[in-house]
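What the coordinates show
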Amino acid sequence: IPAKGYRPLIKLEKIPRQINSFFLPDSILDQYSYDHPYMFKRHLTEDIIDLFDLGFDKQTNSITIPMRDHKGRLVFIKKRPVTRTKFHKYHIDEGIDKRGLVFGLDIIAQNIGRVKMIYLCEGEFDVMSCYVAKNMPGVCREIAYLGIR
């Protein structure tokens, strides 16, 4: 039992990335700087693809979706296979704590003076579809909450 006023030690490897301030460099996204027909099949425009830094991982045949904190720092990269699998729709590396992350919140924070209303969507592609449907990529209003599980 630790002495009064002292906290017990916590092993760093058990602390989620965003809590221990570990962020990935944006340069890691360079390896995924490819478009894939699936993006356009989902009616995403070049502006939307650029706004959200979407990419394509040739090794896993997946769309890459950078997941950022509210300050725009890269926490992890979510991958969406472009072909159906019998497993999960998305791939997230083991041990990533996505609770508290809100997809698109960094964009809203950068444009807070222009935001009048925020819509909560189920997922990242739903958020991006809202931008396309409204034809307003410069007016950042849609977000998606992560970490339901």
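Each chain carries its own residue numbering, running from 1 in the direction its sequence is written. Only residues with pLDDT of at least 70 are given local features in this predicted model, and only at 80 or more are side-chain atom pairs given and counted; all residues enter the totals for whole chains, interfaces and linings. For the side-chain quantities, the full set of heavy atoms in the structure was used; hydrogens and water were omitted.

**With respect to the overall build of the protein**
Rules: Runs of E in the DSSP output that reach at least two residues are strands. Runs of H or I that reach at least four are helices, and both are numbered from the N terminus. For each residue, the accessible area found with a 1.4 Å probe, counting protein chains only, is set against the maximum for its type, and the residue is called buried under 20%, exposed over 50%, and partly exposed in between. Only heavy atoms matter for contacts: two residues are in contact if any of them lie within 4.5 Å across the pair. Working definition of accessibility: Shrake-Rupley area with a 1.4 Å probe, residue cover restricted to the visible protein chains.
The number of helices and strands found in the protein is four helices and six strands. Listing each helix as α and each strand as β along the protein from the N terminus yields α-α-β-β-β-β-α-β-α-β. Across the 149 residues that make up the protein, the buried fraction comes to 39%. Counted over contacts in the protein with a minimum sequence separation of 6, partners at least 24 positions apart contribute 55%. Of the roughly 10,000 Å² of accessible surface on the protein, a fraction of 54% belongs to carbon and sulfur atoms.

**Some points on the pattern of salt bridges**
For clarity, the cut-off: We define a salt bridge as a contact between a side-chain nitrogen of Lys or Arg and a carboxyl oxygen of Asp or Glu at a distance within 4 Å.
Following the criterion strictly, the structure yields five salt bridges and no others. Taking the shortest distance from any N to any O, the salt bridge between R68 and D26 comes out at 3.1 Å. Within this pair, whereas R68 is found in strand β2 (residues 62–68), its partner D26 is found in the segment before α1 (37–41), the two being separated by 42 residues in sequence. Classification of D26 as partly exposed rests on a relative accessible area of 42%. The partner of R73 in a salt bridge is D69, with the nearest N and O atoms 2.7 Å apart. Given the relative accessible area of 33%, R73 is considered partly exposed.

**Details of unusual backbone geometry**
With a phi angle near 65 degrees, H43 is a residue other than glycine that sits in the positive phi range. Of note, the phi angle at N61 is positive, near 55 degrees, even though the residue is not glycine. For N61, the location among the structural elements is in the loop between β1 (55–57) and β2.

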